[in-house]
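Understanding the architecture of this molecule
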Amino acid sequence: MTEMLLVLIIVLAVFSLISRDLIHSVIALSAISLLSALIFTLHWAFDVAITEAAVGAGVTTIIFVWALKHTSRKDI
Amino acid sequence: MIRYILLGILFIIGMYALIFHRSVIKKVIALGIVNTSVVLLFIISGSSIGDAPAFTGEQGARMVDPMVQALMLTAIVIGVCITSFSLALIVHLWGRFETFDIDTIEKRGDDES
Amino acid sequence: MKMKTAAVHVIVIFALVLLAGCLFIPDDTPWPTDVRTRLVSDGEKDTGAKNLVSAIYLAYRAFDTLGETIVLIVAIIGTMSVVESVKKISDDPTTAVTYDFSLVKEKRSSHKLRTHLLEVVTGKIGPVVLLFGFYVMGQGHISPGGGFQGGTIIASGIMLFILGNPYSKVTEMRQNKILSTIEASAFVLFILVSLLSILTSGIFFSNPLEAAGVKYEYYIIALNALIGLKVGSGISLMCIAMMSRRRT
């Protein structure tokens, strides 16, 4: 189970690094956070899972979207 | 064993993009990926000695290591601080150079100075 | 030139593989269990916390937590000052100051519908998330949760509130003031509580009211609440400063 989720995380990481549309990269990054929160739950680290879910899906996404709104959605 | 190799691959992907990607915002994303891989490594290693949550009680003798969880908790909160500060700097750079390309920023910064 | 770049790439990848092999692949040494043994036998007796993670970061390694809150406050100060300068560059100061919290900028036909959906849903979810954040913060010593976890959930709840009513200029100003006051006072109280124990018991970060019969558990609850308020107000302050902008 953990290995499967890790493979999914690697695929999402590669996608978020090669995508031309930065909004897609940010969504993939927040999906990585959610999947790693799932892995933390599977490994009995509930405190870390709560923090990672709140930070990764909430705060980081808001900050990235703010930055993209002030700059550009297209990568170089 | 195979999970550690996968985590190593994740770390290599993040570090490679952090070094060689030309877009600064992708560098910040790569930093987040490296952070996630290290946190995952610690949590997975720490859970190798037990299979119960870190609470006192009858399962105490076979619970996971609570030490790594406390350390990784602080690492995640510091990670979001680093992300927000670097993104604020990136928006500041965009206001001056209108590009994400690190080479262009470097060249034009040298020209202006 | 191209050959050279490719060589650099290959060398760096090779070095990274070696580094990751050293760092990530474990050898035969088993993970140490001394900390666990000690915590299982003494943890609840020393700190009164059933959740041993809380026991570690609030009692055994509370000094770490103090350093981390300082790092957090420095990062927030830096981010907010940079954000203010961004606003000054991109905006004309003579125009009237209004605040706009909506995340979507483009003018498409579904814009209005999407914004209403966003407002209604986030306005309903926000209070529930906020309540859950306070629950996680307050129950940190007996269940999963604590200051940092509850603080980040509170920040998410405040974000949902703000997305729920996007056009209120007055709310934003007042919230900014309230949040910065909460953060500063929580930080000062945290330092005062940690210094108070030097006067009463001579040890940094121990229960200052132990002689008066107050259990260590209540000290941990107080520290959890202070850290949660500080982290939550700080992160949401940072997000509010980022999301509000002067509309020209």
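Just so you know, these numbers come straight off a predicted model, no measurement behind them.

1. Re the overall build of chain C
In terms of regular secondary structure, chain C is built from eight helices and zero strands. Going from the N terminus to the C terminus, chain C shows its helices and strands as α-α-α-α-α-α-α-α. Expressed as a percentage of the 248 residues in chain C, the buried residues total 42%. Residue pairs at least 24 apart in sequence account for 75% of intrachain contacts in chain C once pairs closer than 6 positions are excluded. Surface accessibility of chain C: about 13200 Å² in total, with carbon and sulfur atoms responsible for 71%.

2. Examining the overall build of chain A
When helices and strands are counted, chain A shows three helices and zero strands. Counting across all 76 residues of chain A, residues that qualify as buried make up 64%. As displayed, chain A offers around 2800 Å² of accessible surface, 76% of which is attributable to carbon and sulfur atoms.

3. Quick word on the interface of chain A and chain C
Taken together, the contact pairs 14 residues of chain A with 21 residues of chain C. When chain A packs against chain C, the two sides together hide about 1700 Å² of surface, and 73% of this comes from carbon and sulfur. Sorting the residues of chain A by area buried against chain C places D47(A), W66(A) and K69(A) first, and these three jointly supply 39% of that buried surface. For the interface between chain A and chain C, the tally reads zero salt bridges.

4. Some words on the side chain of T65(C)
Positionally, T65(C) belongs in helix 4 (residues 62-90). Beyond its immediate chain neighbours, meaning those up to four positions away, T65(C) contacts Y57(C), F148(C), F190(C) and I227(C).

5. Points about the interface of chain A and chain B
In this complex, chain A contributes 41 residues to the contact, which on the side of chain B involves 42 residues. Of the roughly 3600 Å² buried at the junction of chain A and chain B (both faces included), carbon and sulfur atoms supply 83%. Area buried by chain A at its contact with chain B is led by L17(A), W44(A) and I76(A), which between them contribute 19% of it. On inspection of chain A and its partner chain B, the count reaches one salt bridge. Salt-bridge contacts for E3(A) lead to R3(B); the nearest nitrogen and oxygen are separated by 3.2 Å. Counting only elements with at least two residues in the side of chain A that touches chain B, the list comes to helix 1 (2-18), helix 2 (22-42) and helix 3 (46-70) of chain A. For the side of chain A that touches chain B, the leading source of residues is helix 3 of chain A, giving 14 residues.

6. As for the nonpolar core
Within the largest apolar cluster, 107 residues are counted, with the highest numbers of intra-cluster contacts made by F40(A), V48(A), I63(A), F64(A), I33(B) and L87(B). Discounting chain neighbours no more than four positions away, the residues touching F40(A) are A45(A), V48(A), A49(A), E52(A), V39(B), L40(B) and I43(B).

7. Considering the packing of aromatic side chains
Residue and element names in this part refer to chain B. If you walk through the whole model with that rule in mind, you get four aromatic pairs over all chains. Judged by centre distance (5.2 Å) and plane angle (55 degrees), the rings of Y16 and F20 are tilted. Linking Y16 with F20, this pair stays in helix 1 (residues 2-20), spanning four residues, or about one helical turn. Relative accessible area serves as the criterion here: at 23%, F20 is assigned to the partly exposed category.

8. Regarding the packing of helix 2 of chain A against helix 3 of chain A
Residue and element names in this part refer to chain A. Across the interface, helix 2 lies against helix 3 with an axial gap of 8 Å and an inter-helix angle of 175 degrees. In terms of axis orientation, helix 2 runs roughly antiparallel to helix 3. In contact with L22, I23, V26, L29, S30, S33, L34, S36, A37, F40 and T41 of helix 2, helix 3 contributes F46, V48, A49, E52, A53, G56, A57, T61, F64 and L68. The class makeup of the residues in the contact of helix 2 with helix 3 is 14 nonpolar, six polar and one charged.

9. Quick notes on the confidence of the model for chain C
Residues and elements named next belong to chain C. On average, residues of chain C score 76 in pLDDT, and 77% of them reach the 70 mark or higher. The element-level mean pLDDT for chain C is lowest in helix 5 (residues 111-138), coming to 76, with helix 8 (residues 216-243) highest at 84. Confidence drops under pLDDT 50 across residues 94-113; counting only partners more than four residues distant or on other chains, this segment forms 40 contacts.

Scoring rules and cut-offs
Residues numbered from 1 in each chain as written. Chains lettered and ligands numbered in written order. Predicted model: local features only at pLDDT ≥ 70, side-chain atom pairs only at ≥ 80, totals over all residues. Heavy atoms only, no water. Helix = DSSP H or I, 4+ residues; strand = E, 2+ residues; numbered from the N terminus. Buried < 20%, exposed > 50% of the residue type's maximum accessible area, 1.4 Å probe, protein only. Contact = heavy atoms within 4.5 Å. Areas by Shrake-Rupley, 256 points an atom, 1.4 Å probe, with all protein chains shown as cover. Buried area = accessible area lost by both parts, 1.4 Å probe. Salt bridge = Lys/Arg side-chain N within 4 Å of Asp/Glu carboxyl O. Core = buried A, V, L, I, M, F, W, Y, C linked by side-chain atoms within 4.5 Å. Phe/Tyr/Trp six-rings, centres within 6.5 Å; stacked < 30°, edge-to-face > 60°. Axes fitted to C-alpha atoms, helices over the stretch in contact; angles between N-to-C directions. Parallel < 35°, antiparallel > 145°, perpendicular 65-115°, else oblique. Nonpolar A, V, L, I, M, F, W, Y, C, P; charged D, E, K, R; others polar. pLDDT = per-residue confidence, 0-100.

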